[in-house]
Amino acid sequence: MSTQTSPASAPADNATAPTAQVELVIGGMTCASCANRIEKKLNRLDGVTATVNYATEKARVHYPDTLAPDELVAVVEQAGYTASLPKPPAAVPEATEPSDPADLLRTRLLVSLVLTVPVIAMAMIPAWQFTNWQWLSLTLAAPVVVWGALPFHRAAWTNLRHATATMDTLVSLGTLAAFGWSIYALFWGTAGTPGMTHPFEFTITRMDGTGSIYLEAAAGVTTFILAGRYFEARSKRRAGAALRALLELGAKEVSVLRKTGQDEWTEQRIPVDELSVGDRFVVRPGEKIATDGVIVDGASAVDVSMLTGESVPMEVGPDDTVTGATVNVGGRITVRATRVGSDTQLAQMAKLVEDAQTGKAQAQRLADRISGVFVPIVIALAVATLGFWLGTGGSVAAAFTAAVAVLIIACPCALGLATPTALMVGTGRGAQLGILIKGPEVLESTRQVDTVVLDKTGTVTTGRMALLDVVTAAGEDTDEVLRLAGSLEDSSEHPIARAIAEGARERTTGLSPVESFRNSAGLGVEGVVEGHAVIVGRPALLADYALHLDESLQEAMRAAESLGRTAVAVGWDGRARGVLVVADTVKPTSAEAISRLRDLGLTPIMLTGDNATAAAAIAEQVGIGEVIAEVLPQDKVAVIERLQREGKRVAMVGDGVNDAAALARADLGLAIGTGTDIAIEAADLTLVRGDLTAAPDAIRLARRTLGTIKGNLFWAFGYNVAMIPLAMAGLLNPMLAGAAMAFSSVFVVSNSLRLRSFRPTH
């Protein structure tokens, strides 16, 4: 087993690197390829390095001082998007919530759905084709194609100006072709004649296209793809929630000390925002420390698991530094503020999370990648069809009928269903198994990962101290030692004390009342239990009362500490009676989960802020061969980046605030659902039940869902591509077009439903 106590350092800064940095808020992006286009435009500028994130809708730009930020905004706007410089915090009212694009899409989707259903029904069911039904279809379909599909038309226009094609181009082209030809057929052809019907037949015969309308194809495609965009937008907007959750961790108010006389101080309750560097403030047991500072009075134990993952609270006293948002679990302390606002460690952690999210590579949607090749081919085929028919002496109407039919049939409505249906079924099945998948971008990462980095505390272990062993001196009764120690510790709020008291309740006849209880900060506790003057704590505390550990108890202490466990001594009436061993315990299923991750081809690595000895002991129990210990949150990000530079695709599993930035930076972030909200928000997958065996199941489910989406996309294109030759030959009738649309959609939905049969391994 290899153990490291510090991550590899990041590469040295390039001497020619840009000297300034700005974060632009980007608007108008509709897919991941838009982010790529903006990124390329910015990176063409001399000395500029830009990363654009489609999920957070932000661009992080490093640029030379010779360039003004307004010039960067201008470049983005020239590309057809909006950009704005960040506003100072004071300029943003707290009550103002950013509008959610998913709300606008939902309205557009619902209206389109209500209008589209009767259009499709009338086109596909001849019995419903009453006199002049085609004009009602036009009335209902027009708002869908013009207003419902407006986001696709705008994006297609932007793509056209930059000589590129995405799924938006395909949707806009197909729907406008179908709608435009239908209007031509209704007003200038024979389709508008009263009594016109679409017969229910699938014969392949050459026909006059001026008697056919394709309004159901135009409206149906628009509605189906709006549904896909709505579900995507709903998941995409969660990206910023991680930062809000992190900033919520801090204290809201603080008891600051104000000097009223030469030696007189009074407490005053103020909002944390009004705290200044140098102010003194009071932190009582159970309260959060308001900001970073130095203790000037008092001693306590501070729960720093948020920062380090260390399950044992840190003992602190005068001149020790403390960090904002950590919890005081011991005595009353007075702290002098040394850093406030954006300079605090909590704010720096928020910055780490934001940086990680912005820099995270977003997988382009598969449909966009396919469309980029497919659209130019379809347009070329349509032009070739038109030229062929005109060149061989065919009528102008027949030539245009065939060319437009190529464009219409090339726009498969199943394309809009391919991703959302598989994602909905896959995520629904995942939810039943305690696995939450955030969005389609997550799935691509699960196929590629080859390394899994696991936090220790709360992920591999329970994150709570528990009593593991009771070692007694010769002639002592184990139950009595534990009962008296547990009774005394029951009066303390320290996590180690709670573990001993809980263990005593479970293993003995019951706890006894305590008299004259006293806490010696950082050393232990003492009091009278059942007439005995009992002392529980460090050997140094017992030695003060001439209670010395014999050789067997000293050996028990050394053995426990060598395994990274915490041992406390117990004594009364002039003699040391025993040693109690407590530690963070391994979850029962962790070893099995590690084994199954290996079976998936992943290499496990433990990454923790805990001490190296404890981490190595836990790693050995569960079968992890590499341990990187004693790391801070920023160091965790550096480790992830180092592994990625080495060519590894990294999955990160964690549960704490200190894991959030690493979860966001990793190629795939998995959060334990029993952990903090910030970790859950920053991750791609959430394991609701807190059981590590859900991690391999989550990766298997995500990979299978990705495979289903790829299969859906293949068939969504396949059925319609097969119809293109018929369209080019002028043999496509409306029923064949409608049948291809319906059959491909049914296949996509039924293929997605197969994900419901997914079963966990155990």
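Residues numbered from 1 in each chain as written. Predicted model: local features only at pLDDT ≥ 70, side-chain atom pairs only at ≥ 80, totals over all residues. Heavy atoms only, no water.

Applied cut-off: UniProt positions are given in the numbering used here, feature names are shortened, and annotations may be inferred rather than shown by experiment.
The protein goes by Cation-transporting P-type ATPase B in an unreviewed UniProt entry, where it is assigned to Nocardia jinanensis. Regarding the protein, the relevant UniProt record gives this comment under Sequence similarities (unreviewed entry): "Belongs to the cation transport ATPase (P-type) (TC 3.A.3) family. Type IB subfamily."

### Digging into the overall build of the protein
Quick reminder of the rule: Only DSSP runs of H or I covering at least 4 residues are called helices, and only runs of E covering at least 2 are called strands; the numbering of each starts at the N terminus. Burial classes follow relative accessibility: with a 1.4 Å probe on protein chains only, a residue under 20% of its type's maximum area counts as buried, one over 50% as exposed, and anything between as partly exposed. The contact rule is simple, with two residues in contact once any of their heavy atoms fall within 4.5 Å. Only the protein chains shown count as cover for residues, and the accessible areas themselves come from Shrake-Rupley with a 1.4 Å probe.
Counting its regular elements, the protein contains 26 helices and 27 strands. Considering the protein as a whole, with its 762 residues, one finds that 54% of them fall into the buried category. For the protein, the share of sequence-separated contacts (at least 6 apart) that also reach a separation of at least 24 residues comes to 71%. Here the protein displays about 31,800 Å² of accessible surface, and carbon together with sulfur accounts for 56% of that area.

### Quick notes on the pairing of strand β22 (residues 575–586)
Basically, it comes down to this: Two strands are counted as paired when DSSP detects at least two bridges linking them.
The buried fraction of β22 is high, at nine of 12 residues. Here strand β17 (residues 461–472) runs beside β22; their pairing, made up of eight bridges, is antiparallel. Paired with Val470 across the strands is Leu580, a residue of β22. Relative to β22, strand β21 (residues 566–572) is paired through seven bridges, and the arrangement is antiparallel.

### Some details on the nonpolar core
In plain terms, the rule: Grouping buried Ala, Val, Leu, Ile, Met, Phe, Trp, Tyr and Cys residues that are joined through side-chain atoms within 4.5 Å yields what is termed a nonpolar core.
Among the nonpolar cores identified, the biggest contains 45 residues, and Leu454, Leu597, Met606, Leu668, Leu670 and Leu692 are the most heavily contacted of them. Among the elements that make up this core, the one with the highest residue count is helix α25 (residues 694–728) (nine residues). Ignoring sequence-local partners within four residues, the contact set of Leu668 consists of Val442, Ser445, Thr446, Val449, Val650, Ala651, Met652, Asp684, Leu685 and Ile699. One finds Leu138, Phe179, Leu186 and Leu407 within the second-largest nonpolar core, a separate group that totals 43 residues.

### Regarding the pattern of salt bridges
The following threshold applies: One speaks of a salt bridge when a side-chain nitrogen belonging to Lys or Arg is within 4 Å of a carboxyl oxygen belonging to Asp or Glu.
For the coordinates displayed, the defined rule picks out 24 salt bridges. Residue Asp292 is joined to Arg339 by a salt bridge in which the shortest nitrogen-to-oxygen separation is 3.1 Å. Here Arg339 lies in strand β14 (residues 333–339) and Asp292 lies in strand β9 (residues 292–297), a separation of 47 residues in the sequence. By relative accessible area, Arg339 is classed as partly exposed at 37%.

### Focus on unusual backbone geometry
A positive phi angle is found at Ala325, which is not glycine, with a value near 80°. Mapped onto the elements, Ala325 comes out in the loop between β12 (321–322) and β13 (327–328). Ala325 sits in the buried class, given a relative accessible area of 7%. Although it is not a glycine, Ala546 adopts a positive phi angle of roughly 60°. In this structure, Ala546 sits in the loop between α18 (539–543) and α19 (551–562).

### Things to note about the side chain of Thr705
With respect to the element layout, Thr705 can be found in helix α25. Here Thr705 falls in the buried class, since its relative accessible area comes to 1%. In this view, Thr705 contacts Ala422, Leu423, Gly426, Leu443 and Leu755; residues no more than four positions away in its chain are not counted.

### Describing the side chain of Ser492
Here Ser492 lies in the loop between α16 (478–489) and α17 (495–507). Filtering out sequence-adjacent residues up to four positions away, Ser492 remains in contact with Ala497, Arg498, Phe517 and Val525.

### Some remarks on the packing of α16 against α17
What counts, and what does not: Helix axes are fitted only over the stretch in contact, all axes being lines through C-alpha atoms; the angle between N-to-C directions runs from 0 to 180 degrees. An angle counts as roughly parallel when it lies under 35 degrees, as roughly antiparallel when it exceeds 145, as roughly perpendicular when it falls between 65 and 115, and as oblique in every other case. We call a crossing left-handed when the near helix sits turned anticlockwise from the far one by less than a right angle, and right-handed when that turn is clockwise.
Between α16 and α17, the shortest axis-to-axis distance is 8 Å and the interhelical angle comes to 135°. Here α16 lies oblique to α17, going by the angle between them. The handedness of the crossing between α16 and α17 is left-handed. Residues Asp479, Leu482, Ala485, Gly486 and Glu489 of α16 lie in contact with α17, whose contacting residues are Ala497, Ile500, Ala501, Gly503, Ala504 and Arg507.

### Side note on the sheet that holds strand β5 (residues 82–84)
Hydrogen bonds between backbone atoms are what pair the strands of a sheet, whose relative direction is either parallel or antiparallel. Read across the sheet, four strands follow the order β3-β4-β2-β5 without closing on themselves; strand pairing throughout is antiparallel. The outermost strands of the open sheet, each flanked by one partner alone, are β3 (49–53) and β5. Strand after strand, the sheet turns through a mean of 25° between neighbouring axes, direction not considered. Sheet analysis places strand β2 (residues 20–27) next to β5, joined by three bridges and oriented antiparallel. Paired with Ile26 across the two strands is Ala83, which belongs to β5.

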